[in-house]
Amino acid sequence: MSGAVSAELELADVARLEDIVDRRALNEVCRSFFELFSISLRVFTREGVMLADAHEEREICRYVNSLGDGRRACSALVSEVKRTDPVDGPTVHACFTGAEYRIVPIVYQGQRLGRFVLGPYVPAERREVPRSLLVIDARIDPEQARNALSEMPRVRKETVDRIGEHLSRTLDLILFSGHRAFLTSQMHVASVRESFRELAEKNQHLQEAFGRLKELDRLKSNFLATVSHELRTPLTSIIGYSDMLATGIAGELNGEQQEFVETIRSKGDHLLALITSLLDLNKLEQGSMRLHREVMDAGALVTDLKKTMTPSAMKKSVGIDMKIEPGLPPLHVDPVRIRQVLFNITENALKFSPPGSAIQLIARHAEIAPGGSDDGFGAVLLAMPTRAVEIGIIDAGIGIPKEEQSKIFDAFYQVDGGSTREHGGTGLGLSIVKRIVEAHGGTVRVESEPGHGAAFWVALPESDEPAGG
Ligand code: ADP
């Protein structure tokens, strides 16, 4: 704790006796004083609330209280004693019985926090029963009053002074340790409050930043969608016209012209594919891609895939093997989108397959675990797994390092390394694959060891529509 802070707290926070004093400790101290000196002792706050009390009812008080006028006089005196606030040091309050109360202020760090009251006791020098006692009630019996008064403790003035001082010092110690504990807890509360305030502030900043990022993301998506859309129309013309030129509709081309036109055409195709991917991704992100589902046979999908890929595989001297488990259930999928998924993955497999190797296409029975497409709710614990068909595309290429395997499904992500860069691509294919598969309620995962190829598994839930329907 810095000196400045502690000084500030010392001055500011000693306000109430009841905040800094431990009541149990105070009561124990009062009781031991009472046992030691047989003088009643009470401690009050500044407002007159009693905090500790060690007393014994005296015979004379009992007697006076048994008489009507005596009782009234006694209670008036007691409330007067309670009300007395000794501003300029200890004061003595006399009772009509001849007894006295000594009222001592409790001062800590220059502030008056309360007072303690010693008494009643009879000053040792008093011998006679005072007249004020004998006239307090018409029914008073002087003899009985004298006897009762003789049981009241008799104390010399110096002794009361010393008891008062001693008690003041003891209270000072109790207040000191109570004050320290109070300050410590105040500091603790203040620092917890400060941490909470800082956290709330940071949280607010984060929420604002999150809101801005979401807005930026939305703007980016809209921008991409608009630009892509605007690019597509002129690009279709470029491809169309270069196609016409290449076929000689506008006149024969020489060899070099033919080559240039074909480059324009193939680059145009590439650009168009990129733009289509961007538009697809945008639709999938907005959840606005409509699926036109049909009941499909997984075996037919895989056979079709093999047929489509065979020419390009042959060009690279890569074989394609196929294994389809019998009795697979039908799927309920959008054939165009699922062909796009399988085609994308197989194109990647072919890209990374070395000549002479083979790609395996597999269709087999499987299950999708509850929460497989991760809806994030606890209900998955009660749900049953869904029957599914899993289509595997396995190559013998360069493979994918473990730490990259979850990232390759992010948009624009490509595994950093010369070997993948040299194969081109945009990094959009797998992110579209994942979103399309998940939109079908399916899952996609990869298994791979670098240097030992990669296996992509697409699981699609079984159709609950009757086959051929
Ligand atoms: P790209 O257009 O770059 O192929 P994808 O999203 O389809 O984008 O793939 C992302 C990255 O994942 C690729 O750039 C490549 O690094 C890696 N990858 C995908 N399939 C394979 C595979 N069969 N073998 C090795 N790496 C792969």
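Residues numbered from 1 in each chain as written. Predicted model: local features only at pLDDT ≥ 70, side-chain atom pairs only at ≥ 80, totals over all residues. Heavy atoms only, no water.

1. Here's the deal with the overall build of the protein
- A tally of regular secondary structure across the protein gives 13 helices and 13 strands.
- Since a compact globule built from 469 residues should have a radius of gyration of about 23 Å, the 48 Å found for the protein marks it as more spread out than a globular shape.
- The buried share of the protein, taken over its 469 residues, is 38%.
- In the protein, the proportion of contacts linking residues at least 24 apart, taken out of those at least 6 apart, comes to 69%. (Helix = DSSP H or I, 4+ residues; strand = E, 2+ residues; numbered from the N terminus. Rg over C-alpha atoms; globule rule 2.2 N^0.38 Å. Buried < 20%, exposed > 50% of the residue type's maximum accessible area, 1.4 Å probe, protein only. Contact = heavy atoms within 4.5 Å.)

2. Here's the deal with the site of the ligand
- Around the ligand sit 20 residues, and of these Asn348, Asp395, Gln414, Thr426 and Leu430 come closest.
- Residue Val415 places a main-chain N or O atom 3.2 Å away from an oxygen atom belonging to the ligand.
- At 3.4 Å from an oxygen atom of the ligand is found a main-chain nitrogen or oxygen belonging to Gly429.
- Relative to its free-state accessible area of 530 Å², the ligand is covered by the protein chains to the extent of 97%.
- Residue assignment for the shell around the ligand shows that the elements contributing at least two residues are helix H11 (335-352) and helix H13 (429-439).
- Element by element, the count of residues in the shell around the ligand is highest for H11, at four residues.
- Looking at the shell around the ligand residue by residue, the classes come out as nine nonpolar, nine polar and two charged. (Near = heavy atom within 4 Å. Polar contact = N/O pair within 3.5 Å; in protein donor to acceptor, adjacent residues only side chain to side chain. Areas by Shrake-Rupley, 256 points an atom, 1.4 Å probe, with all protein chains shown as cover. Nonpolar A, V, L, I, M, F, W, Y, C, P; charged D, E, K, R; others polar.)

3. Observations regarding the pairing of strand E10 (residues 358-368)
- Here six bridges tie strand E8 (residues 319-324) to E10, and the two strands are oriented parallel to one another. Bridging across to E10, Ile324 finds its partner in Ala363.
- Across nine bridges, the pairing between E10 and strand E11 (residues 386-394) is antiparallel. Residue pairing in the sheet places Arg364 in a bridge with Glu390 of E11. (Pairing = 2+ DSSP bridges.)

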